[in-house]
There are 2 protein chains.
Amino acid sequence: MDTDKVFKALGDPTRRRLLDLLCEQNGQTLGQLCENLEMARQSATQHLEILEAANLVSTVRRGREKLHFINPVPLHEVYERWVRKFERQRLTLLHDLKKELEGE
Amino acid sequence: MDTDKVFKALGDPTRRRLLDLLCEQNGQTLGQLCENLEMARQSATQHLEILEAANLVSTVRRGREKLHFINPVPLHEVYERWVRKFERQRLTLLHDLKKELEGE
DNA sequence: ATAATATGCAGGTAAATACCTGCATGTCAA
DNA sequence: TTGACATGCAGGTATTTACCTGCATATTAT
């Protein structure tokens, strides 16, 4: 997994909106997705390319249409490998802060 | 929580590195953090300001030093409110894909 | 007091990013 | 086959971003 691509992809609100839309209804076409965004089709295409490069979205052609499917695996991997390690800190934060303020 | 600020903050590898450094040792000064980055102090300062604006880092002044503490709460909230909703999709993805390929 | 240290502030530049318009290609339906 | 439709491709621009240099301020130690 390319962690940087995943985080960069998630760093834009339009792309998170696209993932939201696919979460509501998976397998939407480019046109369908565009109806819910306030931007030109080409802009949406670029966002979808970034999501696809991050492996957050997979596509399948059906005739002249392109269907988009969400892939939640990278999200879960990001959580497993990156977010969880910080959760331990929640318990020790106040303790560390107090110690530091006391001059260690 | 400002979701956009959190995601934008996490979208940069230097800022994720800073969070990693704080995870290893909480409460580091700006100078300590800079020793582990290959960039000017002012650049690191800007990154830390972004992390602070996203509430991922809190700071405390001690004399002429500025101590930085990681705050994992926004990360956990991002996970709770945003990542979890996509996990359900993991089970239905293949099913949806198959249905779509068959022409629905 | 003064020198060293830690950080803050004010810009300036180059690259990345997000957006667009215009035209081309491929597919379906009448 | 021809017109309508869905998407692809090639640029162009304006904003944002990441980085820097130079100088200012505040704190500590001698």
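Residues numbered from 1 in each chain as written. Chains lettered and ligands numbered in written order. Predicted model: local features only at pLDDT ≥ 70, side-chain atom pairs only at ≥ 80, totals over all residues. Heavy atoms only, no water.

In the annotation of an unreviewed UniProt entry, chain A is listed under the name DNA-binding transcriptional ArsR family regulator and assigned to Aminobacter aganoensis.

Student: So what exactly am I meant to see when it comes to empty space enclosed by the protein here?
Tutor: A water-sized probe, rolled over the atoms, reveals where empty space remains. Under the defined criterion, the tally for this structure stands at one cavity of 30 Å³ or more. Its volume calculated, the largest cavity comes out at about 110 Å³. For the largest cavity, the lining is made up of 13 residues, of which F7(A), V78(A), V83(A), V78(B) and V83(B) are closest to its centre. Going through the elements one at a time, helix 1 (3-10) and helix 5 (73-87) of chain A together with helix 1 (3-10) and helix 5 (73-87) of chain B are the ones with two or more residues in the lining of the largest cavity. Here the lining of the largest cavity gets five residues from one element, more than from any other, and that element is helix 5 of chain A. Partitioned by chemical class, the residues of the lining of the largest cavity number 13 nonpolar, no polar and no charged. (1 Å grid on protein atoms, 1.4 Å probe; cavity = no way out; pocket = protein on both sides within 12 Å on 5 of 7 lines; lining within 4 Å. Points joined across faces, edges and corners; volume = space filled by probe spheres on them. Helix = DSSP H or I, 4+ residues; strand = E, 2+ residues; numbered from the N terminus. Nonpolar A, V, L, I, M, F, W, Y, C, P; charged D, E, K, R; others polar.)

Student: Please explain the protein's contact with DNA strand D as it appears in this structure.
Tutor: The local shell around DNA strand D holds 20 residues, among which G31(A), A40(B), Q42(B), S43(B) and H47(B) are the closest. A breakdown of the atoms of DNA strand D within 4 Å of the protein gives sugar and phosphate a share of 63%. One nitrogen or oxygen atom from the side chain of R41(A) is found 2.9 Å from a base oxygen belonging to DNA strand D. Between DNA strand D and K66(A), the relevant distance is 3.2 Å, taken from a phosphate oxygen to a side-chain nitrogen or oxygen of the residue. Where the surface near DNA strand D is concerned, the elements lending two or more residues are helix 3 (30-35), helix 4 (41-53) and strand 3 (65-70) of chain A together with helix 4 (41-53) of chain B. Counting residues per element, the surface near DNA strand D draws most heavily on helix 4 of chain B, at four residues. Tallied by class, residues from the surface near DNA strand D come to three nonpolar, eight polar and nine charged. (Near = heavy atom within 4 Å. Polar contact = N/O pair within 3.5 Å; in protein donor to acceptor, adjacent residues only side chain to side chain.)

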